[in-house]
Amino acid sequence: MTTAFTRRSVLGATALGCLGIRPLLGAIEALAAETDSVTIGWPQDVPSWDPNQRFVPDAQPIFKMVFDQPLDQDPKLKLIANVLKSWELSPDGKSMPVELRDDVTFHNGDKMTAEDFRYTFFERIKAGHKVDIAQSWRKVTDIEIVSPLKAVMRFDSAAPTAPQWLAFLGSYVVPKAYMEKVGVDAFREKPVGSGPYRIAEYQLNSRIVLERNESYWGPKPKMRRVTFEVIKDASARVAALQSGAIDITVAVPVREVQRLSNEPNIAGELNPITRIILLQVRNDLGFADQNVRLAAHHAIDKKALSQAFYGGAAVPLSVPATPGTAAYLEDYQFAYDPELAKQLLAKSGYSAEKPAKFKFASTNGNFASDYDIARALVQMWKKVGLDVELEVIEYAKYFELNRGNKLPEATLYSFDNATGDPEIFGGYLLNPKLPFSPWKGMEIGQRAIDLFNVANYEERVSGYKTLNKDAVESGACMPILQSVQTLLRKKSLAYTKYGNGWVRADTMGWG
């Protein structure tokens, strides 16, 4: 039997008439909100609403909702078309013709063209805008516009990872006409993108509310409304999920994931991703002595750290690459050997009675168990004759100190590489000419610089495999663990898992 419900029949069926309809309408609205909206507990705000300005990995899943990148990646990290429908890097790596889709519009109604592409990746840099993409696109000498939708990127030397960078940090197409009209500062106050969502509300360090872009050129997301609640404290994010204030969150303690996985309505996940937990190290100050650097590395029991803080899910690493990526070395292992660490220190005149000293920095709450790992490292080092002063720094402070070459001898950090390419692991970690590496030693550094100009893929990967091993054995790089994304969500909320840890609201839906 089929029953038709109309406003009149509902009103007639209740003794309260129009007063009685209010609870019913409220229930209907609540049901609609449950099925087409989601609230995400996020550990950090965006650095600004200029998506080209700062390379902050945790901001990327938010930026990707508002802005479009030329290329995208599938869940297994394969490059796929996005607002670019085609691209082809030349064999020598010095040019790359691209073609844009013809149906992409910005939120203000302007059509996206090759002019916007050229403005983003060339004109902004030449104009001196203070944007981090000036580093990733430093090789661009021109972007020649062939037609309204076609252009050719030209480079001063081989740019073998240009396609990867079109889907990586900071590479979002911004509208030339709008930004030039209002200016960069005003753009940050009222940003315009072409992504699947528009900004509906923004409260600094508190809340971001996005509304679905009904004119989006791509598949329409299921969620009409997405709210990011900025909750910097990991315990507070856990409490918010338990109370129902948020629906999903990341970067929470592993013990909480394990505990709450037993709850009937909560799912907990430990997902290995293409990030590495490592020590960013200098080649001077207390680490000028290679014996001290190597002793510090040999003293680290990585398996114990994984077991204690990630339930064994974090893979111990010996090179700056994650399993399954091109430059990962399956058959190489840097030994945990505290006795060898003591011997190395003794060669340089150090002992438990006369310890070598250095400073060490770590964030607290930026990624799961960061400060716990830092404290455990201090104890491991103390056992072999290393006296370490631990300092806690804010996540934003890390970038400031690294750019200014003011980090201490060692800094615990989770280095993101959403592409998995070896250049964006070993290359950026070891290239002293870039602001991402505190290592300034040229013996290793020059080899990293040279690999940036190798166009042949097999030759490039082989070079990074050798460089990564040599860097570790000279103490220039100290990888510790593959990063594990810790995630809690309501069981009824589905989302697409990405190998790089992206948590994308445009893939979410209620089951």
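Refer to the structure presented above.
Keep in mind it's a predicted model, so treat the numbers as computed, not measured.

So, the pattern of salt bridges
Here comes step 1: Overall, the coordinates contain 32 salt bridges when judged by the stated rule.
Here comes step 2: Among the salt bridges present, the one from Arg-118 reaches Glu-123, with a minimum N-O distance of 2.7 Å.
Here comes step 3: Residue class for Glu-123 comes out buried when judged on its relative accessible area of 17%.
Here comes step 4: For Glu-269, the salt bridge identified is with Lys-497, shortest N-O distance 3.5 Å. Highlighted residues: Glu-269 in strand β12 (residues 266–281) and Lys-497 in the loop between β17 (493–494) and β18 (509–510), separated in sequence by 228 residues.
Here comes step 5: On the accessibility criterion, Glu-269 (7% relative accessible area) is buried.
Here comes step 6: The structure contains a network of salt bridges with shared partners spanning Glu-115, Arg-118, Glu-123, Asp-142 and Lys-176.

What about helix α4 (residues 114–126)?
Here comes step 1: An ideal rise of 1.5 Å per residue puts 18 Å on 13 residues; α4 measures up with 17 Å between its terminal C-alpha atoms.
Here comes step 2: Along α4, the sharpest change in direction is near 45° and occurs at Thr-120.
Here comes step 3: Taking burial as the measure, the 13 residues of α4 include ten buried ones, the bulk of the element.
Here comes step 4: For α4, the complete set of buried residues consists of Ala-114, Asp-116, Phe-117, Arg-118, Tyr-119, Thr-120, Phe-121, Phe-122, Glu-123 and Arg-124.

Digging into the sheet that holds strand β6 (residues 140–147)
Here comes step 1: Read from one edge to the other, the open sheet built from four strands follows the order β4-β5-β7-β6, with strand pairing classed as antiparallel. Bordering the open sheet on either side are β4 (84–87) and β6, each of which pairs with just one other strand. For this sheet the average axis-to-axis angle between neighbouring strands, irrespective of direction, equals 20°.
Here comes step 2: Direction of pairing for β4 relative to strand β5 (residues 95–100): antiparallel, over a ladder of three bridges. Bridge assignment links Leu-84 to a residue of β5, and that residue is Leu-100.

Quick look at unusual backbone geometry
Here comes step 1: For Ser-369, which is not a glycine, the phi torsion comes out positive at approximately 70°.
Here comes step 2: Considering the arrangement of structural elements, one finds Ser-369 in the loop between β13 (356–362) and α14 (370–384).
Here comes step 3: Ser-369 sits in the buried class, given a relative accessible area of 13%.
Here comes step 4: Although it is not a glycine, Asn-405 sits at a positive phi angle of roughly 55°.
Here comes step 5: When you line up the elements, Asn-405 lands in the loop between α15 (395–403) and β15 (410–416).
Here comes step 6: When its relative accessible area of 35% is taken as the criterion, Asn-405 is described as partly exposed.

Parameters and conventions
Residues numbered from 1 in each chain as written. Predicted model: local features only at pLDDT ≥ 70, side-chain atom pairs only at ≥ 80, totals over all residues. Heavy atoms only, no water. Salt bridge = Lys/Arg side-chain N within 4 Å of Asp/Glu carboxyl O. Buried < 20%, exposed > 50% of the residue type's maximum accessible area, 1.4 Å probe, protein only. Helix = DSSP H or I, 4+ residues; strand = E, 2+ residues; numbered from the N terminus. Expected span 1.5 Å × (residues − 1). Bend = angle between axes of the 7 residues up to and from the residue. Pairing = 2+ DSSP bridges. Axes fitted to C-alpha atoms, helices over the stretch in contact; angles between N-to-C directions.

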